[in-house]
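# An overview of the molecular structure
Now for the letters of each chain:
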Amino acid sequence: MTAQSRTGVLEARTLVELLRAHGHGPFTGVPCSFLGPVISCLEAEHPQEYVIAANEGEAVALAAGAHLAGRRPVVILQNSGLGNTVNPLTSLCHTLRLPVLLFVTWRGRPGHPDEPQHDLMGRVTPHMLTAMDIRNEVLPDDPALLAQRLDAATAHMDATGLPFAFIVPKGAIAPYETSGRAADPAAPRLMKRAEAIGHIVSAMDPSTLLVATTGKTARELERDRDRPENLYVVGSMGCASSVALGVAMYAPDRQVAVLDGDGAALMRLEAMAAIGRRQDTDLCHVLLDNESYESTGGQPTASAGVDFAGIAAACGYRATHDVSDADALRAAVARAQQDGGPQLIRVRIAPGSDPDLGRPALAPPASAARFKEAIAR
């Protein structure tokens, strides 16, 4: 597919109302900053039509059910999460002929520099969709043309029973102005993530091997507490805790910890079952929970209603901690490292980070090589 030239941007409200006017909805998916304005618009203006999904495969399956119930569902996802959709798109939607309309962002688009984790998927995104028999095209930036292409997409889905995808480049959707979530003046002051990370690292044994999840967690850890024993996971959202478990299982003489996030943990919640089974590991699972996908614009996760400590206990973690202040956090880290076994520390933190926070200076292969050397020492 050849990318079309783009001369303008769409307003998020325009896109949402065009979709609704053409009979599409409900909407579900996992946020990407390219489509963040659309999700913000849905949350503000049509909250009953937006369903928060923990991962992209779940969103496709939920949409398939909505189609069975007579709706025309829309799935929103970053192309880095396209891999999570392969099974439900190919063995559910294709097999049962359950068409869903996809909006897939184009991180790593060739010729448009992006973060290293998006390079490969950016090159193959259109080809992956085509290989799955999903007709796809770049999202038009003109509302009248978009209306025509929505009619064509609907006709294709009705005729074939197969999904259709619009690929969304960077800058295709204009920002959506929102007042954000109002702070509760009576609520206790919570630490921000960078402050919490500082307390965690200072409370750990200095030789602890520390795996940091993708996004601002890894970026803040590198900026403030860089050390050879740190691994900065980029991309592969939700996989950091499983990476840390693999390290803990095969470097049994080392303390291992992972800095996880609420969105990441929800995306790969099954990892907690595997961690809980390994009572022979000294893995400290720190879950930094600000109830938001902060890197994509602060859209809410579903973590507010999730009892992570209860889940961890049911999965077999030796102990769990739920903390929200610095003293309790430092004590929980020290206790987890002293007592051993897999332990969960849920840290309730406030959203927000340094607006000038940079990207990791260390290239991902160099980060992995340095971490391997630190394990071997």
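As a starting point, this report considers the structure included with it. (Residues numbered from 1 in each chain as written. Predicted model: local features only at pLDDT ≥ 70, side-chain atom pairs only at ≥ 80, totals over all residues. Heavy atoms only, no water.)

### Some thoughts on the sheet that holds strand E3 (residues 74–77)
What counts here: Note on pairing: DSSP must find at least two bridges between two strands before they are called paired. In this description a helix means any DSSP run of H or I spanning at least four residues, a strand means any run of E spanning at least two, and both kinds are numbered starting from the N terminus. The axes are straight lines fitted to the C-alpha atoms, using for helices just the contacting stretch, and the angles between their N-to-C directions are given from 0 to 180°. Contacts are assigned to residue pairs that have any heavy atoms within 4.5 Å of one another.
With parallel pairing, six strands are arranged side by side in an open sheet as E2-E1-E3-E4-E6-E5. Of all the strands in the sheet, just strand E2 (50–52) and strand E5 (135–138) have a single pairing partner and so form its edges. Strand-to-strand twist of the sheet, defined as the mean angle between neighbouring strand axes without regard to direction, takes the value 20 degrees. Taken together, the three bridges between strand E1 (residues 27–29) and E2 define a ladder with parallel strand orientation. Considered in E2, the bridge of Gly 29 is made with Ile 52. Seen against the sheet, helix H3 (residues 56–68) touches E1, E2 and E3 and runs at an angle of roughly 175 degrees to E3.

### Points about the side chain of Ser 303
The condition that has to hold: Any N or O atom pair separated by 3.5 Å or less is treated as a polar contact, with the protein-specific requirement of one donor-capable and one acceptor-capable atom, and with residues adjacent in sequence counted only for side-chain atom pairs.
Mapped onto the elements of the fold, Ser 303 is located in the loop between strand E12 (299–300) and helix H12 (308–315). Within the structure, the side chain of Ser 303 is placed 3.1 Å from the side chain of Thr 301, a separation counted as a polar contact. Contact partners of Ser 303, with chain neighbours within four places excluded, come to Asp 262, Leu 266, Asp 289, Glu 291, Phe 308 and Arg 346.

### What to know about the packing of H3 against helix H4 (residues 82–96)
What counts here: Note that the term roughly parallel is reserved for angles under 35 degrees, roughly antiparallel for angles over 145, roughly perpendicular for angles of 65 to 115, and oblique for everything else. Residues were grouped as follows: Ala, Val, Leu, Ile, Met, Phe, Trp, Tyr, Cys and Pro as nonpolar; Asp, Glu, Lys and Arg as charged; and all remaining residues, including Gly, as polar.
Between H3 and H4, the shortest axis-to-axis distance is 7 Å and the interhelical angle comes to 25 degrees. If you check the angle between H3 and H4, you find them roughly parallel. On the side of H3, the interface is formed by Glu 56, Gly 57, Val 60, Ala 61 and Ala 64, while H4 contributes Asn 84, Thr 85, Pro 88, Leu 89, Leu 92 and Cys 93. Looking at the contact of H3 with H4, its residues break down into seven nonpolar, three polar and one charged.

### With respect to the packing of helix H1 (residues 12–21) against helix H6 (residues 143–160)
Stated precisely, the cut-off is as follows: Crossings are assigned a handedness: left-handed for a near helix turned anticlockwise from the far helix by less than a right angle, right-handed for a clockwise turn.
Running from N to C, H1 and H6 cross one another at 35 degrees; their axes reach a closest spacing of 11 Å. For the pair H1 and H6, the crossing hand works out as right-handed. Here Thr 14, Leu 15, Leu 18 and Leu 19 of H1 come into contact with H6, specifically with Pro 143, Leu 146, Ala 147 and Leu 150. Of the residues that constitute the contact of H1 with H6, the class distribution is seven nonpolar, one polar and no charged.

### Here's the deal with helix H8 (residues 216–225)
Quick reminder of the rule: Throughout this description, buried means an accessible area under 20% of the type-specific maximum (1.4 Å probe, protein chains only), exposed means over 50%, and partly exposed covers the range between.
The element H8 is largely enclosed, with a buried count of seven among its 10 residues. For H8, the set of buried residues is Lys 216, Thr 217, Ala 218, Arg 219, Glu 220, Leu 221 and Glu 222. Residues of H8 that are buried sit in contact with helix H7 (193–203), strand E7 (209–212), strand E8 (230–232), strand E9 (256–261) and strand E10 (283–289).

### Observations concerning the packing of aromatic side chains
The condition is simple: For Phe, Tyr and Trp, where Trp contributes only its six-membered ring, two rings pair if their centres lie within 6.5 Å, and the inter-plane angle classes them as stacked under 30 degrees, edge-to-face over 60, or tilted in between.
Considering all chains together, one arrives at two aromatic pairs under this definition. Here the aromatic cluster, defined as three or more aromatic residues joined through ring pairs, consists of Phe 103, Phe 164 and Phe 166.

### Section: unusual backbone geometry
Omega for the peptide link from Gly 25 to Pro 26 comes to 5 degrees, which places this bond in the cis form. In this structure, Arg 97 takes a positive phi of about 55 degrees despite not being glycine. You can see Arg 97 is positioned in the loop between H4 and strand E4 (101–105).

### Description of the sheet that holds E10
If you walk across this open sheet you meet the six strands as E8-E7-E9-E10-E14-E13, and the pairing is parallel. Where the open sheet ends on each side, the last strands, each with one partner, are E8 and strand E13 (319–323). Strand-to-strand twist of the sheet, defined as the mean angle between neighbouring strand axes without regard to direction, takes the value 15 degrees. By the bridge criterion, five bridges tie E13 to strand E14 (residues 343–348) in an arrangement that is parallel. What sits directly across from Thr 320, in E14, is Leu 344. In the packing of helix H9 (residues 240–250) onto the sheet, contacts are made with E7, E8, E9 and E10, and the angle to E9 comes to roughly 175 degrees.

### Quick notes on the pattern of salt bridges
Just so we agree on the cut-off: Only one rule defines a salt bridge in this text: a Lys or Arg side-chain nitrogen within 4 Å of an Asp or Glu carboxyl oxygen.
All chains considered together, the criterion is met by 22 salt bridges. Here Glu 115 makes a salt bridge to Arg 359, at a shortest N to O gap of 3.3 Å. Separated by 244 residues along the polypeptide, Glu 115 in the loop between E4 and helix H5 (119–131) and Arg 359 in the loop between E14 and helix H14 (364–376) bring together distant segments of the chain. A relative accessible area of 48% places Arg 359 in the partly exposed class. For the salt bridge of Arg 335 with Asp 339, the shortest nitrogen-to-oxygen distance reads 3.8 Å. With Arg 335 and Asp 339 both in helix H13 (residues 326–339) and four residues apart, the pair spans about one turn of that helix. Note on Asp 339: relative accessible area 38%, which makes it partly exposed. Each of Arg 193, Lys 216, Glu 220 and Glu 294 takes part in one network of salt bridges that share partners.

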